[in-house]
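Structure assessment
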Amino acid sequence: MKVLKGIGTLIVTAVLIAAVALTLAAGLIRFVAMNPSYVKMFMPSKSYCGELRERISEDLDHVALLYGFGDGELSKLVTDKSIRSYTNKMIDALYEQEDTSVLELPAYPTEAFAEYARKHTSYSEQGIQDFAEDCALAVEEDLSSVNVELVTGQFGTLRSSPIVRYSLILFIAGLMLSVLMIAFLKLMYLGESRRAGAVAIWGGCFMGVTVVFVPVMQFLLFGYVGRLNISVSAFRTILTGYLNTILEGWFFILLALEILTFLLLLIAAFRAGRRRKNRK
């Protein structure tokens, strides 16, 4: 009887590990990677805006020289707020469009450049408008560099893949299967052996989280995103910013679950060990 119970525990725990891993993987894809609200909240960080502004300033300096301004004089007009606003619009376009082969991005606002020209030059209104449009176009060319086949094509393929399309169904199925396996373990360990059942339950949950946590941790630990073979550019900043935002979100969610399930496993193991000692 004990042998059958042990074999049954191994089988049910293995299924629990797979179910927890499936639930987490599908949930992270559905509610983090494919969630534009999350990406817009965390992607345009201060470091992201600073690095992107540095890339944008190179093209703006060319426009500044053409209109008689000094190097770096126009870069201060591109603020973190404007970069965040444009990045958010770009993310909305990427997620909302059915056809991602070509992104339809809005034009970069020209008001800040026009106002600066009115205060520091004697250009005519037409000259101010031309100057502002040239500046906005220089910024827009950098920011819209994400509109390339490498990203849009891969993102479209990813969004239409079965694992993404059915991620919500997989999440619900994995969650229900996890609950069912936990119920089986509870039934198998009724009465005085319920503390041993708790060890099996939290051990399975901990291992299921670990299955997903380890590869995500390796990607961040070894900096695979930073090793992308792409030249330094605004495009690289946007792409690595997006990938790091997704990976970091996954990492912190999984780390919290890893710590929680490990602590619960320790408590369950301690209680089960103390119970056995008392019985002796």
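Now for a quick tour of the structure. All values reported here derive from a predicted model rather than from experimental measurement. (Residues numbered from 1 in each chain as written. Predicted model: local features only at pLDDT ≥ 70, side-chain atom pairs only at ≥ 80, totals over all residues. Heavy atoms only, no water.)

1. Observations regarding the packing of helix α3 (residues 46-66) against helix α6 (residues 125-143)
Contact geometry for α3 and α6: axes closest at 9 Å, N-to-C directions at 140 degrees. Crossing angle aside, the handedness with which α3 passes α6 is right-handed. Seen from α3, the contacting residues are Leu52, Arg55, Ile56, Asp59, Leu60 and Val63; seen from α6, they are Asp134, Cys135, Ala138, Val139, Asp142 and Leu143. Along the lines of polarity and charge, the residues of the contact of α3 with α6 split into eight nonpolar, no polar and four charged. (Axes fitted to C-alpha atoms, helices over the stretch in contact; angles between N-to-C directions. Helix = DSSP H or I, 4+ residues; strand = E, 2+ residues; numbered from the N terminus. Left-handed = near helix turned anticlockwise from the far one by under 90°. Contact = heavy atoms within 4.5 Å. Nonpolar A, V, L, I, M, F, W, Y, C, P; charged D, E, K, R; others polar.)

2. Regarding the nonpolar core
Of all hydrophobic cores here, the largest spans 63 residues; its most connected members are Leu60, Leu74, Phe113 and Trp250. It is helix α1 (residues 2-33) that provides the largest number of residues to this core, a total of nine residues. Setting aside its immediate chain neighbours within four residues, tryptophan 250 contacts Leu28, Ile29, Val32, Ala33 and Val216. (Core = buried A, V, L, I, M, F, W, Y, C linked by side-chain atoms within 4.5 Å. Buried < 20%, exposed > 50% of the residue type's maximum accessible area, 1.4 Å probe, protein only.)

3. A few points about the packing of α3 against helix α4 (residues 80-96)
Put simply, α3 and α4 touch, their axes get as near as 10 Å, and they point 95 degrees apart. Regarding the angle of α3 to α4, the classification is roughly perpendicular. Contacts from Lys46, Tyr48, Cys49, Leu52 and Arg53 in α3 reach Asp80, Ile83, Arg84, Thr87 and Met90 in α4. (Parallel < 35°, antiparallel > 145°, perpendicular 65-115°, else oblique.)

4. Regarding helix α5 (residues 111-120)
Taken together, the buried positions of α5 are occupied by Phe113, Ala114, Tyr116 and Ala117. On an axial view of α5, the arc spanned by its buried residues comes to 160 degrees, and they lie on one face. In α5, the exposed positions angled more than 90 degrees off the buried face are occupied by Glu111 and Lys119. Residues of α5 that are buried sit in contact with α3 and α6. (Arc of directions from axis to C-beta.)

5. Description of the pattern of salt bridges
The full count for this structure, using the stated rule, is seven salt bridges. Through salt bridges with shared partners, a single network forms among Lys46, Arg53 and Asp80. (Salt bridge = Lys/Arg side-chain N within 4 Å of Asp/Glu carboxyl O.)

6. A look at the packing of aromatic side chains
Under the defined criterion, the tally for this structure stands at 13 aromatic pairs. Aromatic side chains tyrosine 38 and phenylalanine 42 sit 5.0 Å apart centroid to centroid with 45 degrees between the ring planes, which places their arrangement in the tilted category. You can see tyrosine 38 and its partner phenylalanine 42 sitting in helix α2 (residues 36-42), four residues apart, about one turn around the helix. Tyrosine 38 sits in the buried class, given a relative accessible area of 15%. Relative accessible area serves as the criterion here: at 46%, phenylalanine 42 is assigned to the partly exposed category. In textbook terms, an aromatic cluster arises when at least three aromatic residues are bridged by ring pairs, as seen for Tyr67, Phe69, Tyr116, Tyr123 and Phe131. (Phe/Tyr/Trp six-rings, centres within 6.5 Å; stacked < 30°, edge-to-face > 60°.)

7. Regarding a nonpolar patch on the surface
Where nonpolar side chains cluster on the molecular surface, the patch consists of Leu177, Leu180, Phe184, Leu187 and Leu190 and spans about 470 Å² of accessible area. Mapped onto the fold, leucine 177 is located in helix α9 (residues 167-188). (Patch = residues over 30% accessible without salt bridge, like charges linked within 9 Å, V, L, I, M, F, W, Y side chains within 5 Å. Areas by Shrake-Rupley, 256 points an atom, 1.4 Å probe, with all protein chains shown as cover.)

8. Here we look at the side chain of threonine 9
Considering the arrangement of structural elements, one finds threonine 9 in helix α1. Threonine 9 gets classed as buried once you look at its relative accessible area, which sits at 11%. If we skip the residues at most four places from it in the chain, threonine 9 touches Leu185, Met188, Tyr189 and Ala200.

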